[in-house]
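Chain residues, written in single-letter form:
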Amino acid sequence: MSTGLGFRLSRGVRTTISPPIPRAYEWAAQYKPTPNRPLLDMSQGVPGIPPPQFLRDAIAEASRYPNSFGYTRWDGEPTLRAALADEMKLSYGRDADITVDDVALTAGCNLAFVAVAMTLADAGDEVILPVPWMDLNLLGIKTVGLHTAPEDGFLPSVEKCEALITPRTKAIALVTPNNPTGAIYPPSLLSAFANLAASKGIALILDETYRDFVPSTDRPPHTLFSNTSLPWRNTLIQVYSFSKSYCLPGHRLGAVIASPHLLASLKTVLDCLQICPPRPVQIALGSLLPSDELREFVKGNAEGVQARHRVFREQLPGDWEVGAQGGYFAFVKHPFGGVRSEEVCQALAREVGVVTLPASFFTRETDENDGLAELGLGEEEKSGEGTSDASELDERWIRFSVANVDDEKVKRVCERLASFVPRGVE
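Residues numbered from 1 in each chain as written. Predicted model: local features only at pLDDT ≥ 70, side-chain atom pairs only at ≥ 80, totals over all residues. Heavy atoms only, no water.

Once that is clear, we can look at helix α14 (residues 407–419). Each full turn of the α-helix corresponds to 3.6 residues, which orients residues three or four apart in the same direction. When the terminal C-alpha atoms of α14 are compared, their 19 Å separation across 13 residues agrees well with the 18 Å that a helix rising 1.5 Å per residue should span. Within α14, burial applies to V410, V413, C414, R416 and L417. Along α14, the residues classed as buried sweep out an arc of 160° about the axis, all on the same side. Set apart from the buried face of α14 by more than 90 degrees, the exposed residues are E415, A418 and S419. On its buried face, α14 is in contact with β1 (40–41), α10 (292–315), α11 (341–352), β11 (354–355) and β13 (397–401). Looking at where α14 begins, the residue whose side-chain oxygen comes 3.3 Å from the main-chain nitrogen of E408 is D406. (Helix = DSSP H or I, 4+ residues; strand = E, 2+ residues; numbered from the N terminus. Expected span 1.5 Å × (residues − 1). Buried < 20%, exposed > 50% of the residue type's maximum accessible area, 1.4 Å probe, protein only. Arc of directions from axis to C-beta. Contact = heavy atoms within 4.5 Å. Polar contact = N/O pair within 3.5 Å; in protein donor to acceptor, adjacent residues only side chain to side chain.)

Below, the structure written as structure tokens:
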């Protein structure tokens, strides 16, 4: 297949899977909705409600300030950085050792993760991520899969991770609550991974985008920021997104919380990628983040998502099995033996108008040979055998996002699942 270009694309982009959401929406475009049977989208992890009116007003007002049109510091507005450091002490405890100098703001959490990876690793180096995963092919970094299993609630094993560490390993990257499985990693597990990373002289990257959606308890998500026996700045790098808790993904705002020594090097990468993060939303949030009004909104938003998880679990047909659930997501095993999850998700979207994502979208790297062949490139372009993580995950597991639908839509999805059988399946 010709690319239609008079030049060649990078090997990294040729061997990286296509973004999953557009692929799912291509399936959904073939569904013919009616007023009584509209399209129901549980594919994308996006807030189902806008930010509160007072935050929208504050962003609109901030966008009128003359200084909002200029650059800000590479690490973001000092007021918001300080407010985030203080806010984190509400989540992790007042003894959490976090200061404004540990915080750098970014144009979204995706960019934060990429910038951290670029700061830590060179092409050919390795980063360990639990499977299901997102890979790092575009950076030339080898993603090493740490396989998780439904019988373990999709929690990663410290022992299995240790066996994967090589001289080229630069970091372990964890996401909790997890995307795509929804699994919530307990504090003891996170401490064990931090100890492992410290003992091996590698970084622990912890993505806690969904931390505000962990069911409320008297305990923090973990104690890594207050553990005096293992100073967190030596090992831990946290990345965070404002998109989910504050319902403003279109404004692209994230953060890196790390040692100032790491941030000094991260600055070089961020200056190449973003110059500075978007300014009006920073100005607006800087004064509002500490307010009780905004905290109540975040709390109510999280409680609403947790309630929707309960509705989904209660209404889900009995032959569909929840393997893990948390944050925005539920990871569900479909009941059709011998039918791959990708086929089931295509049929769900095309035939009954329910849009979801198969586990295979999070487990397979593109086979380099296949990818190059599809581009019509010659044999001299092909090298290596490619890799695949096809497994039971590919066969039976599906990600449902409960955040971007209301309770009634969740019930309607479950009603359609109850009567759904893919064509050709008896």
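Below, the discussion takes up the sheet that holds strand β3 (residues 126–131). Spatially, β2-β8-β7-β6-β5-β3-β4 is the arrangement adopted by the seven strands of the open sheet, whose pairing is mixed. Two strands close off the open sheet at either side, each with one partner strand: β2 (103–106) and β4 (142–147). If you compare each strand with its neighbour and ignore which way they point, the axes differ by 25° on average. Across five bridges, strand β5 (residues 169–175) lies against strand β6 (residues 203–207) in parallel orientation. Bridged to V175 within β6 is D207. (Pairing = 2+ DSSP bridges. Axes fitted to C-alpha atoms, helices over the stretch in contact; angles between N-to-C directions.)

Moving on, we come to the pattern of salt bridges. Within the structure shown, the criterion is met by 14 salt bridges. Here the residues in one salt-bridge network are R73, D75 and R81, joined through shared partners. (Salt bridge = Lys/Arg side-chain N within 4 Å of Asp/Glu carboxyl O.)

Let us look at the sheet that holds strand β12 (residues 357–358). Ordered by their spatial adjacency, four strands build an open sheet running β9-β10-β13-β12, and the pairing between neighbours is antiparallel. Two strands close off the open sheet at either side, each with one partner strand: β9 (321–326) and β12. Both β12 and β13 contribute to a ladder of two bridges, which runs antiparallel. The partner of L357 across the bridge, within β13, is R399.

Put plainly, two cysteines are in a disulfide when a covalent bond ties their sulfur atoms together. By the definition in use, this model includes zero disulfides. Here C276 stays unpaired: no disulfide links it, and the sulfur of C272, its closest cysteine neighbor, is 14 Å away. As a non-bridged cysteine, C345 has C414 as the owner of its nearest cysteine sulfur, 14 Å distant. (Disulfide = S-S within 2.5 Å.)

Our focus in this paragraph is the side chain of T106. When you line up the elements, T106 lands in strand β2. Side-chain polar atoms of T106 contact the backbone oxygen of G108, separated by 2.8 Å. The residues contacting T106, other than those within four sequence positions of it, are L111, A112, R252, L253, G254, A255, V256, L270, Q274 and P277.

Judged by how many residues are buried, helix α9 (residues 279–288) sits mostly within the fold: seven of 10 residues are covered. For α9, the complete set of buried residues consists of R279, V281, Q282, A284, L285, G286 and L288. Residues of α9 that are buried sit in contact with α3 (53–62), α4 (78–92), β2 and α10.

Turning our eyes to something else, we now look at the domain arrangement of the protein chain. Taken domain by domain, the protein chain comprises domain 1 (11–49 + 296–364 + 393–419) and domain 2 (53–291). If you average the C-alpha positions of domain 1 and of domain 2, the two centres end up 25 Å apart. Taken together, the contacts link 29 residues of domain 1 with 29 residues of domain 2. Between domain 1 and domain 2 the total buried area reaches about 2400 Å² when both faces are included, carbon and sulfur atoms providing 67% of it. The three residues of domain 1 that bury the most area against domain 2 are V298, F329 and F362, which together make up 21% of that side's buried surface. Where domain 1 touches domain 2, the interface holds zero salt bridges. Where domain 1 packs against domain 2, one counts seven residue pairs in polar contact (both at pLDDT 80 or more). Among the elements of the structure, α1 (11–14), α10, β9, β10 (329–333) and β13 are those that each provide at least two residues to the side of domain 1 that touches domain 2. Per element, the largest residue contribution to the side of domain 1 that touches domain 2 is six residues, and it comes from α10. (Domains from an automatic or database assignment. Buried area = accessible area lost by both parts, 1.4 Å probe.)

A word on unusual backbone geometry. A cis geometry characterises the amide bond from T176 onward to P177, with omega recorded as -15°. Position of P177 among the secondary structure elements: in the loop between β5 and α7 (187–200). In this structure, P180 follows N179 across a cis peptide bond, with omega equal to 25°. As for its position among the elements, P180 is in the loop between β5 and α7. The phi torsion at C247 lies on the positive side, around 60°, for a residue other than glycine.

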